[in-house]
Each structure stands twice: as structure tokens, then as C-alpha cells.
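Take a look at the letters that make up each chain.
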Amino acid sequence: MRDEVYRDDWGIPHLRAAGARELARAQGRNAALDRAWQIEVERHRVQGTTAAFLGPDAVEWDRFARRARLDDTARRCFERLERLAPETADWVRSYVDGVNAGLGEGDGRAPEFAAVGLAPGTWRPWTPLGVWLSTHILFAGFPTKLWREEVARRLGDGSVELFATDGPGTSGSNGWLVTGERTATGAPIIAGDPHRFIEDPGVYQQIRLACPEFDVVGLAVPGVPGLAHFGHTGQVAWAITNAMADYQDLYRERLRRTPGGAVEALGPDGWEPAAAHTETIDVAGADAVTVEIVETGRGPVVIGDPDTGAETVSLRHPPRVTGELGFEVLPAMLRARTVAELDAALDRWVEPINVVLAADTTGGTLHRVAGHVPLRPAANRLRLVPAWDPAYAWRDGRAPMPREKVRGSAVMANQRGIAGPLGVEFAPAHRADRIRELLGGSARWTAEEMADLHMDTHLASARPLLALLAQVTVQDGTEAGRLRDRLLRWDRRMGADSTDATLYAALRAEVVHRLAAHPALAPLRGSAHTDPYPELFRPWLATVPRIAYALEGLLTGPAGPLTHEDRVTAVAEALERVPAGDTAVPWGELHRLTPWQSLPGMNPGETWPGLAGDHDCVLSTSSVPGVTDGSARGPAARYVWDLARREDSLWVVPLGASGIPGDTHHRDQLPLWVRGELVPVVTDWNLLHREEERQG
């Protein structure tokens, strides 16, 4: 059988081949043709070589990638696959063969290569594992521990919990499952949307993978084979959200250099040798940068060096310790026919730690956590711990993964729930509570109706600020008085056409700035720039965003640094600074999509659309109050998996199926995504357009 490539009307690839290995090769080749620039940037990110063509702004990431040993960890994990799961290793190698076969042609389709003078390189068998690692190494937000250190040092240990919330450096998602008793067809439905930084091209690729063993539709990560996070085999469907588990530790290290130039680290048994070597980062338009790579018995040193005497910190995480990444799960998921088979496969998952919802055509359901959370003291989860104290060492084994039965419905939205024993900070419960409330509105859900839930803009987290606003005394008839009364009548919906939403956002931003300037929190100011941490970690250490995302707790928590009078005063002062209500523009005029592009400026003067929603809405299009009304993070895809008829399933991505600028399908889904519309999942091969046929 020849490998076959089909497309639907939206350019979504449907690949068919004689076997799983041939199909993996076809998927790799498709990634190279449709996403050549994107996946090559990812390969360079793994290796820490992006500055060679992106310039000085990329040096910080390259330094981190090298110091964290991402490429070497991927190589170790692949070598373990070769020893213990050779079939999976061959499957991954086939994918890489496809990438390498397609990059020459993909290069010609992507103008970015010529713009920076870059030629495609060669993928190694472990490169897809490296792409997975680099995509998720910051996903668990280990730099949050640096922030807690700063809060404790500057405000005292008792203030750390003031900021315990889902912060700007993490990514979340919505997901929900409704059992057959509550659907029109009698079969389960799974729906949701992963919230990530929106990238151009998109971080998820809609795709279909079919061979005699399986026929699966889902969302792939370009550069990685299979469908790890979201898929529908026809018999079983699954989806995930970030469990918000803590599985990465930071160790405070003491390093010294011997007279011979070697590096030693103070471990539990005294001074011990540390592995050390130097590497050179080439930088386009600037001098090369030399970086020393040091690894102790805990892990790679990601902050500090042996010679400066400043804070030195190593990172310890499961793949570096065990050589496991869980890739043997990926082909097993594609072959799953029941929830039980999928569940068994997920027992071998490693990272990131996910909450999983799944259902099958027999009515079976699954709600569990999957991943590797190491066994270690609770203190490791909270702050930096001393490398030389044996009390903080990891123990053998891993934490058990919680699970719950599904009764009618189940909701996952990064809240403190099923994964509670595994984490420290979780998202507020607003999204989860709102989804449950909306699901209670019907007992006969259809896939099409489910799509409406994605776009709900109710902002429950506005309640504390508005409650304080109601306590502000203002003179009747003044601009401030009219604004106060208007906001107290507001329906708390962050609609794109709402000027009330704009006024609320302006008030919120002013409150954030008032709190940031308050003497009780003033010691935090400037921590992102004055402390000896790499620039890469500054988003986790910037005071204003941290206050913005912790605002609800700061306004409602027990009396501490901020009294009730402090809070009311901050709101009153903010109210006086908000512009007149009759000059407000609709929220969507300010709350515009601002996607990340590795090579910005390819389309000068480009205007991105305005959006509804906000951070704590089900439509989670995040702004950073006090910093920007723009939205860099939001639904990186939306999906509805129907277990009655897979062809009734729906999906959409923020931009389009193609990663090629100017292609018909580069951004053709963007208007639909903005409006909350989804496109049908096509499963009938006769309704697809055959693109090519070639020997497999």
C-alpha cells in the first residue's frame, strides 16, 4: 500500500499508510512540509542554538537549554527506549526519517529560512523527545519556587501564601466529560480547550492518522509523533489538562573550583566531583557567548556558577534522573479501543503531569491523573532546599496517581481537585464551577451545543473587587460616582463589545498598581531585576504580574500585610484614576490577540483581532492586569469528541492547519476561532481531497 495524503476543506491532513511505522514516517514528512520553520526552530531550541539565527534576544533561552541539558536528556531517554521498548524507538526513528525526508521541500515553502539565512539541519532519533522536553520543561513552573523565596526573604515566611495562585508562567486548560445519561445520543461527549501561549504557527496541529491497526483523529504537537494530549480513535476518546502537580525540585548548591580547575559540589556526603565543561553559543550579529555547563549529583545547575559566589541552583526532574519520558505510551494510545486499554497505557506516562478524561463507545469513562511525581519531603515542593542535607533527597518510587469515578459529568480546569495531593498552587475554582453550572442546564447535550460552553465570558473573580467598590464612599453625581454605580450594575461578562468590561479592566489595573506601591508590598518591587537570577525567569519574578494574578486573594485573604482599610483605600484611589466612562472603548479594542512569533516582523503593520474573555473566564484569554490588556495566552485549540458518531465531532485552532505564511490555510480558522465556531471532523475518505501518492 502506498502512503496517501488527503486534505479536508480546511487543509487538515489525513494520512493513510500500510502500517504504524510507515504512518509515523508519513506524519514526520507532513510536519516537515506543513511546519518546516516551526519544527526546525524547536530543534534548535532543544540544542540551544537559536541565537545563531535569531540574534541576541535568544541567548537566554539557549543558555538555559544547554545548562539544563535538554538535548542530552532526550538522548538518554531515547537510549532507554532502544533498550526497553525497541518497537517504540523504531516508531520514533521512522517519524524522524520522515522529517528528514521532507525538510528539503519544506524549506522551500517557508520564507523564514531565507529571511534569516538558515538551512534545515538533520534530526537525530531523539530530537522529538527533545522537542517534548523543551515544550514542557517550564510547564510545571518550577521558577515559582524562586518567587516564593523572594516573598519569604522580603516579606517573611507568613506572606508566601498570599501569592499562591495560578501565575503567568503556567499553562492551563478546560475539559469536561458528560456521560451518556445526559446526552441526546446516549453516548458520552468530551470537550474542552487547552490554554497555552498562542503561537504562530499554532502549537497544536489537527491531523488524522490511519493504518490497518488504527484510525485516529486528534491534535498533534508538531515535531512529535502520535497524538499525546487529545485524540479520538472511533472507539475511545481522551483529553487532558495540566494537573498543576509539582514534580521538579530546585536545590541550593555550594560549588567550588579545585586548584586544577575542576568543579566540586557539597553533597550529603561532603564535597563531591561535579561534571563540568564549556560550550559556545553563536549569536547572529553579536559576539559568541561562552557558557559553563555544570551538573551535580542533584541535577544540572541552571542558576549561578562556581566563581561568582552568587546563588547557585540545580534542577532535578524525573526524565533527567530516570531516563524515562513515557514515549512508549504514545503508540499504545493510538491502538487503544477501550478506556481500560487507554488507562493501562497511561500508567507509564511521565511528564507533564496531566489530568485525563476519557470515554469509549461502550459507555466506559475515565478520570485520573497520569505522570511521574517523585517521592520526597513536602518542603521540596515549596521552596529551594539545601543540596547538602540528606533529608531532602528523593526516595525510590513515585507518588500514586489519583483517580475518581465519573458520575454524570466530570470537569477539569486546573482547580484543586483530583490532583490536590500532588501540587501546591492551583487555578482558582471559577472556571470549573462555571462549567459545572452550565452543564447543569441540560440533560440532552449534543456535540454542537457543547461548543457554546467554550465561549462563556462570566468573570466570577470580579466579585471581591466589586464588593470593595461597593464600600467606597463617593459624592453623588461625580464622574467617580457614576462609574462606581455603573460597575456595580455590570453583568460581569467580559464581552468583546462591552465597554463595562473595559472599565472594570481599567479599575483592576489601577488597583494592581496601588497595591504594588503599597508600603506593605513595596519590598517586592524590583525583585525581577535586582536578584541574581537569569533573565529567562523574570516573568515569574515580576511584581506587578504576580500581584495581578493573586489579586483575588490579596483582596479577600486574612488581615496581614494589607488591612481591610488598605484594600478599600486602594480601590477608592484607583476609581479616581479611571478615565470617564463615556470615553471607554469596547473591550475587544484593547484585548487583542498577541501571538508569539519566533521571527516577528514578517508582516509589518499586521493587526490581530480583538477578543472576548479574560483569565478566569471559561473563555480564558489572558491579559496581564497592570501590564497589558493584550492576550498572549488563550485556547490553543478547541475540540468536542462525540462517542456516538465520530463524524459529529468538532474542532478548531487559532490560526489554521498550515504553518506556511501566505498559504490558504495558514489563518483561515482564525475568524471562526474568534467567534467560537468549530469545523466538523471529517472521517469519510470520499469527502477528502487526495493530495499525493508516493511509495512508502
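For clarity, every value in this text was computed on a predicted model and none was experimentally measured. (Residues numbered from 1 in each chain as written. Predicted model: local features only at pLDDT ≥ 70, side-chain atom pairs only at ≥ 80, totals over all residues. Heavy atoms only, no water.)

Caption draft 1: Broad picture of the environment of Gly19. Locating Gly19 in the fold gives a position in the loop between strand S2 (13-16) and helix H1 (20-34). Sequence-wise, Gly19 and Phe78 are 59 residues apart; in three dimensions their C-alpha atoms are separated by 22 Å. When neighbours within four sequence positions are excluded, Gly19 is seen to be in contact with Cys211 and Pro212. (Helix = DSSP H or I, 4+ residues; strand = E, 2+ residues; numbered from the N terminus. Contact = heavy atoms within 4.5 Å.)

Caption draft 2: Geometry of the pattern of salt bridges. Enumeration over the complete set of coordinates arrives at 59 salt bridges. Across the pair Arg63 and Glu60 runs a salt bridge, and its minimum N-O distance is 2.7 Å. With Arg63 and Glu60 both in helix H4 (residues 59-67) and three residues apart, the pair spans about one turn of that helix. In this structure, Asp500 engages Arg486 in a salt bridge whose closest nitrogen and oxygen atoms are separated by 2.5 Å. Of this pair, Asp500 sits in helix H18 (residues 499-517) while Arg486 sits in helix H17 (residues 479-489), placing them 14 residues apart in sequence. On the basis of relative accessible area, Arg486 is assigned to the partly exposed category, the value being 23%. (Salt bridge = Lys/Arg side-chain N within 4 Å of Asp/Glu carboxyl O. Buried < 20%, exposed > 50% of the residue type's maximum accessible area, 1.4 Å probe, protein only.)

Caption draft 3: Summary view of unusual backbone geometry. A cis amide bond links Asp200 to the next residue, Pro201, at an omega of 0°. Of note, Arg69 is a non-glycine position whose phi angle comes to about 60°, a positive value. Mapped onto the secondary structure, Arg69 falls in the loop between H4 and helix H5 (70-84). Taking the relative accessible area as the measure of exposure, Arg69 reaches 18% and is therefore buried. Of note in this structure, Arg492 is not a glycine but carries a positive phi near 65°. Within the secondary structure, Arg492 sits in the loop between H17 and H18.

Caption draft 4: Broad picture of the packing of aromatic side chains. As enumerated under the stated definition, the model contains 14 aromatic pairs in all. Centroid distance Trp490 to Tyr504: 4.9 Å. Interplanar angle 25°. Geometry classified as stacked. Of this pair, Trp490 sits in the loop between H17 and H18 while Tyr504 sits in helix H18, and the two are 14 residues apart along the sequence. Judged on exposure class, the residue Trp490 and its partner Tyr504 are both buried. Feature note: the residues Tyr204, Phe230, Tyr639, Trp641 and Trp651 constitute an aromatic cluster, connected by ring pairs. The ring of Trp388 has Arg254 lying over it, and the distance from NZ or CZ to the ring centre is 3.9 Å. Over the face of the ring belonging to Trp271 we find Arg256, whose NZ or CZ atom lies 4.1 Å from the ring centre. (Phe/Tyr/Trp six-rings, centres within 6.5 Å; stacked < 30°, edge-to-face > 60°. Lys NZ or Arg CZ within 6 Å of the ring centre and 35° of its normal.)

Caption draft 5: Region of interest: the sheet that holds strand S19 (residues 385-386). Taken in spatial order, the four strands make up an open sheet running S14-S15-S9-S19, and their pairing is mixed. Both edges of this open sheet fall to strand S14 (301-303) and S19, since each of them pairs with a single strand only. For S14 and strand S15 (residues 312-316), the ladder comprises two bridges, and the chain directions are antiparallel. Within S15, the residue paired with Val301 across the bridge is Ser314. (Pairing = 2+ DSSP bridges.)

Caption draft 6: Region of the structure containing the side chain of His136. Assignment of secondary structure puts His136 in helix H8 (residues 127-136). Judged by its relative accessible area of 0%, His136 is buried. There is a polar contact of 3.0 Å between the side chain of His136 and the backbone oxygen of Trp132. Setting aside residues no more than four positions away along its own chain, His136 makes contact with Arg196, His229, Tyr247, Gln248, Glu351 and Pro352. (Polar contact = N/O pair within 3.5 Å; in protein donor to acceptor, adjacent residues only side chain to side chain.)

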